[in-house]
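Close look at the chain arrangement
One letter stands for each residue in the lines below.
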Amino acid sequence: MIDKHECRQIGVIVKTHGVKNELVLRLFEEFSIDHVDTEYLFLDLDGGLVPFFLEEAREKNKTDILIKLEQAKDTSEVERLMDAPVYLKKLAESIEDEGEDEAFSAYQLIGYETQAVGHGPLGKVVAIKDISKNPLFEIDHNGKELLVPIVEDFIVQIDDEKQFIIFELPEGLIDLE
């Protein structure tokens, strides 16, 4: 089984398309169809990355591509893949960071546990909300939605191995009551 640390999330399966069991892969902002020039995509199913042979990929619009996966031949299998995060293996020739000036992708932090200095554990990052160029981490704090701005100055440490983020947040930004 491939480890998530060896991969980078590029998008999410959002729906089916047509009657030929095609899927709509919504790519994150920093990716394009050129990044999907690969034999395999890895889908996060039941907590592990499962490889799927990519038969076909074509552009639908700026953010969506239509994909056909070899192992998804019938409707029930295609339906099982809805909302699955999609990953690519990190390779120098594919999507590895091209330079230090390139901003990190907050989407790769989905699933990380979080903690705030002075507050303790906050919960798990469950999504990224991109609201008018003001991206926010959506954190599940004991069943309550907690929104934290994605600001580099607020992030003290990111531990990819332990999948953990430590924040130092301004007073009053979060209310944990």
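A brief look at the structure comes next. Bear in mind the structure is a predicted one, so any value in this text is a computation, not a measurement.

**Regarding the overall build of the protein**
Each helix and strand in the protein was counted, giving one helix and 12 strands. Ordering the α and β elements of the protein from the N terminus gives β-β-β-β-β-α-β-β-β-β-β-β-β. For the protein, the proportion of its 177 residues judged to be buried stands at 39%. In the protein, of all internal contacts separated by at least 6 residues, the share reaching a separation of at least 24 is 53%.

**Observations concerning the pairing of strand β6 (residues 85-89)**
Pairing of strand β1 (residues 7-17) with β6, which is carried by five bridges, proceeds in the antiparallel orientation. Directly across from Gln9, in β6, lies its bridge partner Tyr87. In terms of strand pairing, strand β3 (residues 40-45) meets β6 through two bridges, oriented antiparallel. Each bridged residue has a counterpart across the sheet, and for Leu43 the counterpart in β6 is Val86.

Rules behind the numbers
- Residues numbered from 1 in each chain as written.
- Predicted model: local features only at pLDDT ≥ 70, side-chain atom pairs only at ≥ 80, totals over all residues.
- Heavy atoms only, no water.
- Helix = DSSP H or I, 4+ residues; strand = E, 2+ residues; numbered from the N terminus.
- Buried < 20%, exposed > 50% of the residue type's maximum accessible area, 1.4 Å probe, protein only.
- Contact = heavy atoms within 4.5 Å.
- Pairing = 2+ DSSP bridges.

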